[in-house]
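Structural characterization, general
Chain by chain, the residues run as shown.
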Amino acid sequence: MKEREQFASRFGVVMVAVGSAVGLGNIWRFSYILGVNGGGAFLFVYVLCILFIGLPVLISELTIGRAAGVSAVSAFQKLAPKSFWWLAGGVAVLACTMIACYYPTVAGWSLGYAVESIVNRAEVLADPQAAFAAFSSGPKALVYAGLALACTVAILFKGVTDGIERWSKVLMPALFVLLAILVVRALTLPGAIEGVRFLFEPDFSEVTVGAVLDALGHSFYSLSLGMGIMITYASYMKKDMDLPQATVAVVAMDTGVAILAGLAIFPAVFALGLNPGEGAGLVFVTLPGAFETMPLGAVFAPLFFILVFIAALTSLISILQVPLALLEDRFGFSRGKGLVVVTAIAVVFGVPSVLAFGPLADFQVFGTDYFTFLDRFANNILLPIAALLGCLFIAFRMGVAASTKEFLEGAGNDGHFLARVYPFAIRFIAPVAIAIILLRAAGVFA
Ligand code: TRP
């Protein structure tokens, strides 16, 4: 059997996991669904979901992946042969594939806006809303989505260590620095405090079932959970890797970036008198104006969108890696052939998601447009189901003790706090909370 690739350095491996977690979810998706769901109260529910559900599920995925040493579907088959547990991995791969079909759309917007904010600066500033509508409904959106996908495929083709790890180590730190600069800019705008209030002052009358489902779905999405991604990445981790440390780093950076992005975006939204409930275009219609009011704004605007694109790229890599690893490990595809298949799927089902903002705007799937359908179905339904199956797998098949032992193997500290609360959280808190939220969403109890 050929030696399986492993990540070379600890820093690299954490950056790869962070690179997957920190993506469009933290900047584009988090801010827009927080805006739609009324602000502070959503943030509060979201943080609860991260701590009590996302964190234990992240630990479970890392331990499943490293214990098995193979990608998502195969991991379940290996740890539980001759059973139906592989279906848990199957749901994950399906969800991942759906996400792969709309993620390039938004990655393309950010790449496109890096260019538009230079070449079409006047139009973008004169009427950001109209400019974004024109851009996202036109042919350029398709071209940029294609470019985004092509970059991802090129990096994936280079392999795990030379491609994914090498790039993540450079790109992620760059993102943090830029974001910090933007936060300072946004907070010093006149009227910024309104935005800070919107973000941090909870108004619990805004918390609807839909908002809770959005928060839950987004917590999985943001941590790249329920997708087999962390299972797959952990399968490349060495046994002496400190999983508790990696877990804390991923959760802290992921949530930190989301909150920082909120602090860069909402003060600007309020200072410029824009609508926080704008929807999917929020980042693209609010930030160009904010940049304009700063010294060197013409430089920072493209820089920002390039960084959003980078964040998207490192995540899209991880999204495509899941079906790709399945084809390689399970069906014996070469990396090249696997990439061709995965790319073909992303193109065929991805083109309509770009067009959902233009020619296909009226095309409805289950009462919503195709893009929103992919996003909501994968994130709010499939991800929680996959995560729930993962919890059950730990409880009934792999065993909480085995999972905890795997978690601590290679850790500096055997009595790690997380290792003590994890067994309870993964058996009781996470599955019960996910089940309740899903049942409520299904209307089983009102
Ligand atoms: N977590 C990424 C983000 O915040 C998105 C992402 C990457 C993802 N890989 C995933 C979401 C796998 C679901 C599943 O943008």
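The coordinates are above.
Presented here is a report on the structure given in the accompanying data block. (Residues numbered from 1 in each chain as written. Predicted model: local features only at pLDDT ≥ 70, side-chain atom pairs only at ≥ 80, totals over all residues. Heavy atoms only, no water.)

With that out of the way, let us pick up the overall build of the protein chain. The helix and strand tally for the protein chain stands at 19 helices and 2 strands. Against the compact-globule benchmark of 22 Å for 446 residues, the protein chain has a radius of gyration of 21 Å, which places it among compact chains. Each principal axis of the C-alpha distribution contributes one length, and for the protein chain these read about 60 × 50 × 45 Å. Residue burial in the protein chain is summarised as follows: out of 446 residues, 60% are buried. For the protein chain, long-range pairs separated by at least 24 residues make up 82% of all intrachain contacts whose partners lie at least 6 apart in sequence. Carbon and sulfur atoms make up 70% of the accessible area of the protein chain, which amounts to about 16,800 Å² in all. For the protein chain, the distance from the average position of its 25 positive side-chain charges to the average position of its 26 negative side-chain charges is 11 Å. (Helix = DSSP H or I, 4+ residues; strand = E, 2+ residues; numbered from the N terminus. Rg over C-alpha atoms; globule rule 2.2 N^0.38 Å. Buried < 20%, exposed > 50% of the residue type's maximum accessible area, 1.4 Å probe, protein only. Contact = heavy atoms within 4.5 Å. Areas by Shrake-Rupley, 256 points an atom, 1.4 Å probe, with all protein chains shown as cover. Lys, Arg positive; Asp, Glu negative; His and termini not counted. Charge placed at Lys NZ, Arg CZ, Asp CG, Glu CD.)

Let's shift gears to empty space enclosed by the protein. Taken as a whole and judged by the stated rule, the model has 5 cavities of 30 Å³ or more. Looking at the largest cavity, its volume works out to about 120 Å³. Considering the residues around the largest cavity, the lining is formed by 17 residues, among which Ser 20, Tyr 103, Tyr 221, Ser 224 and Ile 319 are closest to the centre. Counting residues per element, the ones that place at least two in the lining of the largest cavity are helix H1 (10-21), helix H2 (24-36), helix H5 (86-119), helix H11 (209-222) and helix H15 (297-331). Classifying every residue of the lining of the largest cavity gives 9 nonpolar, 8 polar and no charged. (1 Å grid on protein atoms, 1.4 Å probe; cavity = no way out; pocket = protein on both sides within 12 Å on 5 of 7 lines; lining within 4 Å. Points joined across faces, edges and corners; volume = space filled by probe spheres on them. Nonpolar A, V, L, I, M, F, W, Y, C, P; charged D, E, K, R; others polar.)

Before going further, it helps to examine the site of the ligand. Every one of the 16 residues lining the ligand counts as a neighbour, but Gly 25, Tyr 103, Tyr 221, Met 227 and Ile 229 are closest to it. A distance of 3.1 Å separates an oxygen atom of the ligand from a polar backbone atom of Leu 24. Note that a nitrogen atom of the ligand is positioned 3.1 Å from one of the backbone N or O atoms of Ser 222. When the ligand sits alone it has 350 Å² of accessible area, and the protein chains cover 100% of it. According to the grid-proximity analysis, the pocket containing the ligand is the largest cavity. Listed by contribution, the elements that provide at least two residues to the shell around the ligand are H1, H2, H5, H11 and H15. (Near = heavy atom within 4 Å. Polar contact = N/O pair within 3.5 Å; in protein donor to acceptor, adjacent residues only side chain to side chain. Sits in = over half its atoms within 2 Å of the grid points.)

All right, on to the packing of H2 against helix H13 (residues 243-271) then. The relative placement of two packed helices comes down to the angle between their axes together with the axis-to-axis distance. Closest axis-to-axis distance for the H2/H13 pair is 9 Å, and the angle between their directions is 65°. Judged by the sense of rotation from one axis to the other, the crossing of H2 with H13 is right-handed. On H13, the residues that touch Asn 26, Ile 27, Phe 30, Ser 31, Leu 34 and Gly 35 of H2 are Asp 254, Val 257, Ala 258, Ile 259, Ala 261, Ile 265 and Phe 266. Each residue belonging to the contact of H2 with H13 can be placed in one class, and the counts come to 9 nonpolar, 3 polar and 1 charged. (Axes fitted to C-alpha atoms, helices over the stretch in contact; angles between N-to-C directions. Left-handed = near helix turned anticlockwise from the far one by under 90°.)

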